[in-house]
Amino acid sequence: MGLIFRMALTRTLRPKLVVLYLIINAAVTVVTALFVENLSGSPVLQGGVISFNMYFAKLVFLWILGVSILLWIAVHGIRMIGLEKKEGTLLLLVSKPVSRYRIILGKYFALIFSALVVGVSSLFLDLSVIVLMFSPDPVIILQLFKTIPFLSLYLLFLSFCTSAFSLSVSILSKTLKKTYFVLSLIILFIYFGVPLLRPGVALYQELRFLLYFDINTHLSSIFHYFLSLPPGIILSPKILWDLSDWYTGILPSFLKIAWLQDYHIKLLVNPQLVLVIWLTVSMFVLGLSARRFNKMDIME
Amino acid sequence: MSNHALVVLNLYKKINNKTVLNDFNLAVKQGEIHALTGSAGAGKTTLLNILAGTVQPNNGTVRILNRKAGSLEVQKMIGYVPAKPSFYPGLRVLEYLVYMGILSGLEQFEAVSRAVSLLKKAEMSAFKEKFPLDLPSGMKTKIAVVQSLLSRPSLLLLDEPVTGMDQAGKDSILQMIKEMAASDNITVLLTSALWTDVASIADNITIIQDGRSILSDETANIIEFSSQGVFILQTSNNELLLEVFRRMAYLKYIVRSEQDVITVITGKVERFKKDLPGILYKLQLELMFFRQEEINLGNISQYLLKTEGD
C-alpha cells in the first residue's frame, strides 16, 4: 500500500500543478479582498478584529477550504483511477499480486495527504497575502494564524469525506470529462445553489424536510464547530451563524420574513453528530465502491 | 494434468451481453511456448485477462500450476504483457521497472538488480534513463516483456507482442522471448492475430474463433495441415456420406455446415479425388455441388468455423 500511496502522491503533487493551484488560490483571495474592501464604500477590513476575522472565516469556508480544495480533491480523485484506466496502467496494476483494496486505500490516503498539503499551504499563503495587503493589527494576525491548526482539522474532515466520494465516482465512472463536469457542478451547487434555494424551500411546509439534507448547512455547522475551538478567538455566535448565510440573506430580507433568515439554523443538529454521520456515510460509500472495484473486470 | 502449467476447462465469459468465451478449453504443458491465434474479437485478450486475474469468468475452471487463477498467490507466478504496453508519464525505464518489480513482490534492491540485469540481457541498458513513452513501439514492447519477467514468473502471458511490427522487430522480440523463456524454463502463452507471426517460436498453436478453441495442435502438424486440400461438397444424402467419411482415416477434418454443406480437409488430395466417385456410386448419391479449394496458413480457421466435430 505504501508504494501505491507514494506513486499516487507523486503523480498528484506535481510541483508545477501545486504552484499553479496556489497562484490561482491567492489571486482569487486578492480579488475578493479588494471587492469586499471597496463594496461598502468604507474600509470594511480595517473595521476591527471581528469584521476582519469574519471576512477571513468566510473566505476560508467558501473558497480556500470550500470550492477550491473540493475541486482539487474531485479532480484528483477522479484522476486516481480514471486516468490510470485511460492510460492503461490500471490493467497492469491489477495484474500484479497486490490486493485491489490496498490499491484503493493507497490512492485514498494519497488523495487526503495531497489535499492537506495544498490546503494548509494555501491557508498560510492566502493569510500572508491578506496581511500584506491590509496590514491589520498584530492581534488580528496572531488570532488568524491561531485558527490554522483548527481549520486544518476541518480540512482533514473535508478531505476524508470528499476523497472517499470522488474516488468512488472515479471507480464507477466511464468518462473522465463528463465526471469532472458533473462533480464540479455538484460542488458549485452545494456552495452557491443550495443556500439560494434554502429560503424558497423553507416557505413550503411540506418541503422543509429537505433542509435536513442541506449539505451546505452541514458543512458550515462543522466548520463553525472547528472554528470555535481555538481559545481567545473573537468570533461571536452571531458571526459564526452568519458565516454561511451572508450571501443568501438577501432573499429573506427582501421577503421580510424574519424567522426565515435563520430557519436553517434551527434545524442544525449537534455538529459532532453531523461530523460522525458524514464520516460514516463516506466510509460506507468508499467501502461499497472498493468492493465493486474488487470484482470489476479491468481490461483494455 | 500434473505436468500442465495451465488448464482451462469449459470457460465462459460474457461482456455486455455478448459471449466472448464459449466453452473454451486449453491445456498448456510446463515449459512450452503456446500460441493462441484468431481474428480480432475472437476472445484471445479476454482469455489472457482472465488468466492474469484482471477479469473474472462467468463459468468454468482455470488452473495455473494447479492453483485457482485470479488469486494473489497465482498472480505472483504470472508475468503479463498487455496488448498495448502502458507506462507512467513521469517514470524513466529503470524507475518504471523497479516500481513494477516491487509491485510484483520484490524488495527494492532486488528489483533494481533484476531490472538492470534483464535490461542488459535484452541489450537495452542504454535506454534505462529514457522515458518509455518517448521510445518506439518495438522498444516499448521489449520493456514490457522485461517488466513481465522481473519476478521470475512461471507463466508468461503476452498479448499480441508482435502485432503491428515490421519483420525485423517481430524477429527481435520473438527471439528475446524464446531465449528468456528457455533460460528460466518459463511457460509462455502468447497471442497473435496471425499465427504465421508466432509459428517460429511456438511449440503448439491453438486457433480460437468466436470464443471457442477450434483447433489445437503442435505447430509442425498445423503447418503440415495448412498444406492440405479442402473439398466442399453437397449430395442428396449428406448424412449417409458423413458416416462413410468418418470411417476414412486419411480424412483429418470433416465439417458439416449449417447450410448442409460438407467440408473435408485432407493431405491425401489425389486419393480422395480418386475415391469419391466410387463412394458416391456405391451409396447411390447424387452430387449436387463440388469444389476444391487451396488452404493456406491464414485461412484455416474459416474452414473450421461452425465445426460439428473433428
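Definitions and limits used
Residues numbered from 1 in each chain as written. Chains lettered and ligands numbered in written order. Predicted model: local features only at pLDDT ≥ 70, side-chain atom pairs only at ≥ 80, totals over all residues. Heavy atoms only, no water. Helix = DSSP H or I, 4+ residues; strand = E, 2+ residues; numbered from the N terminus. Contact = heavy atoms within 4.5 Å. Areas by Shrake-Rupley, 256 points an atom, 1.4 Å probe, with all protein chains shown as cover. Buried < 20%, exposed > 50% of the residue type's maximum accessible area, 1.4 Å probe, protein only. Expected span 1.5 Å × (residues − 1). Bend = angle between axes of the 7 residues up to and from the residue. Core = buried A, V, L, I, M, F, W, Y, C linked by side-chain atoms within 4.5 Å. Pairing = 2+ DSSP bridges. Axes fitted to C-alpha atoms, helices over the stretch in contact; angles between N-to-C directions. Parallel < 35°, antiparallel > 145°, perpendicular 65-115°, else oblique. Left-handed = near helix turned anticlockwise from the far one by under 90°. Nonpolar A, V, L, I, M, F, W, Y, C, P; charged D, E, K, R; others polar. Phe/Tyr/Trp six-rings, centres within 6.5 Å; stacked < 30°, edge-to-face > 60°. Lys NZ or Arg CZ within 6 Å of the ring centre and 35° of its normal.

A.B. asks: Can you tell me about the overall build of chain B, naming the residues and giving the values?
C.D. replies: Of the regular secondary structure elements, chain B holds eleven helices and 14 strands. Here the C-alpha coordinates of chain B stretch approximately 80 × 40 × 35 Å along the principal axes. Within chain B, contacts between residues separated by at least 24 positions form 69% of all contacts whose residues are at least 6 apart in sequence. Split by element, the accessible area of chain B, about 14,300 Å² in all, is 48% carbon and sulfur.

A.B. asks: Break down the overall build of chain A for me, with residues and values.
C.D. replies: When you go through chain A residue by residue, the secondary structure sums to 13 helices and zero strands. Counting from the amino terminus, helix and strand elements in chain A follow one another as α-α-α-α-α-α-α-α-α-α-α-α-α. Expressed as a percentage of its 300 residues, the buried residues of chain A come to 52%. A separation of at least 24 residues holds for 83% of the contacts in chain A among residues at least 6 apart in sequence. Accessible surface, chain A as shown: approximately 13,800 Å² in total, 74% of it carbon and sulfur.

A.B. asks: Tell me about helix α7 (residues 176–203) of chain A, and please be specific about residues and values.
C.D. replies: The end-to-end C-alpha distance of α7(A) is 39 Å, a good match for the 40 Å that 28 residues give at a rise of 1.5 Å each. Approximately 50 degrees is the largest bend angle found in α7(A), and it occurs at Phe189(A).

A.B. asks: Explain the nonpolar core residue by residue, including any values.
C.D. replies: Among the nonpolar cores identified, the biggest contains 163 residues, and Tyr154(A), Phe157(A), Tyr191(A), Phe293(A), Ile64(B) and Tyr99(B) are the most heavily contacted of them. Top contributing element to this core by residue count: helix α3 (residues 49–87) of chain A, with 20 residues. In this structure, Phe157(A) is in contact with Leu219(A), Ile222(A), Phe226(A), Leu275(A), Trp278(A) and Leu279(A), ignoring residues within four places of it in sequence. Formed by 18 residues, the second largest nonpolar core is a distinct cluster that contains Val264(B), Val269(B), Phe272(B) and Leu280(B).

A.B. asks: Tell me about the pairing of strand β4 (residues 59–64) of chain B, and please be specific about residues and values.
C.D. replies: All names here are of chain B. Where strand β1 (residues 4–15) meets β4, five bridges bridge the pair, whose relative direction is antiparallel. Residue Leu6 lies in a different strand from β4, and its bridge partner there is Ile64. Following β4, the chain reverses through two residues before pairing antiparallel with strand β5 (residues 67–68); Leu65 in that reversal takes a positive phi of roughly 50 degrees.

A.B. asks: Lay out unusual backbone geometry with the relevant residues and their values.
C.D. replies: For Asn10(B), which is not glycine, the phi torsion reads 45 degrees and is therefore positive. Phi is positive for Asn17(B), which is not a glycine, with a value near 65 degrees.

A.B. asks: Quick one: what's the story with the sheet that holds strand β9 (residues 204–209) of chain B, residue by residue and with numbers?
C.D. replies: Residue and element names in this part refer to chain B. Here we have six strands laid out as an open sheet, ordered β6-β7-β8-β3-β9-β10, and mixed in their pairing. Looking at the sheet topology across the chains shown, the edges are occupied by β6 (78–81) and β10 (212–218). For this sheet the average axis-to-axis angle between neighbouring strands, irrespective of direction, equals 15 degrees. In terms of strand pairing, strand β3 (residues 33–37) meets strand β8 (residues 187–192) through five bridges, oriented parallel. Residue pairing across strands places Leu36 opposite Thr191, the latter belonging to β8. Together, β6 and β7 (155–158) form the strand contacts of helix α5 (residues 137–149), whose direction differs from that of β6 by roughly 165 degrees. Contacting β9 and β10, helix α8 (residues 219–226) runs over the sheet at an angle of about 105 degrees to β10.

A.B. asks: Quick rundown of the packing of helix α3 (residues 93–103) of chain B against helix α4 (residues 108–121) of chain B? Include the residues and the values.
C.D. replies: All names here are of chain B. At a minimum axis distance of 8 Å, the contact between α3 and α4 shows a crossing angle of 125 degrees. With respect to α4, the axis of α3 lies oblique. For the element pair α3 and α4, the recorded crossing hand is right-handed. Between α3 and α4, the residues in contact are Val93, Leu94, Leu97, Val98, Gly101 and Ile102 and Gln108, Ala111, Val112, Ala115, Val116 and Leu119, respectively. Here the residues of the contact of α3 with α4 sort into ten nonpolar, two polar and no charged.

A.B. asks: Residues and numbers for the sheet that holds strand β2 (residues 18–29) of chain B, please.
C.D. replies: All names here are of chain B. Across the sheet, four strands lie side by side as β2-β1-β4-β5; this open sheet has antiparallel pairing. Both edges of this open sheet fall to β2 and β5, since each of them pairs with a single strand only. Against the sheet, helix α1 (residues 44–52) contacts β1, β2 and β4, and its axis sits at roughly 115 degrees relative to β1.

A.B. asks: If you had to explain the packing of aromatic side chains to someone new, which residues and values would you point to?
C.D. replies: Think of a pair of aromatic rings as described by two things: how far the centres are apart, and how the planes are tilted against each other in angle. All names here are of chain A. Tallying each qualifying case throughout the model produces 16 aromatic pairs over all chains. On the basis of an interplanar angle of 50 degrees and a centroid distance of 5.2 Å, the ring pair of Phe61 and Phe223 is categorised as tilted. Note that Phe61 is positioned in helix α3 and Phe223 in helix α8 (residues 215–227), a separation of 162 residues in sequence. Comparing Phe61 with Phe223, the two get one shared label, buried. In this structure an aromatic cluster arises from ring pairing among Phe61, Tyr154, Phe157, Tyr191 and Phe223. A cation over an aromatic ring shows up here: Arg100 above the ring of Phe293, its NZ or CZ 5.8 Å from the ring centre.

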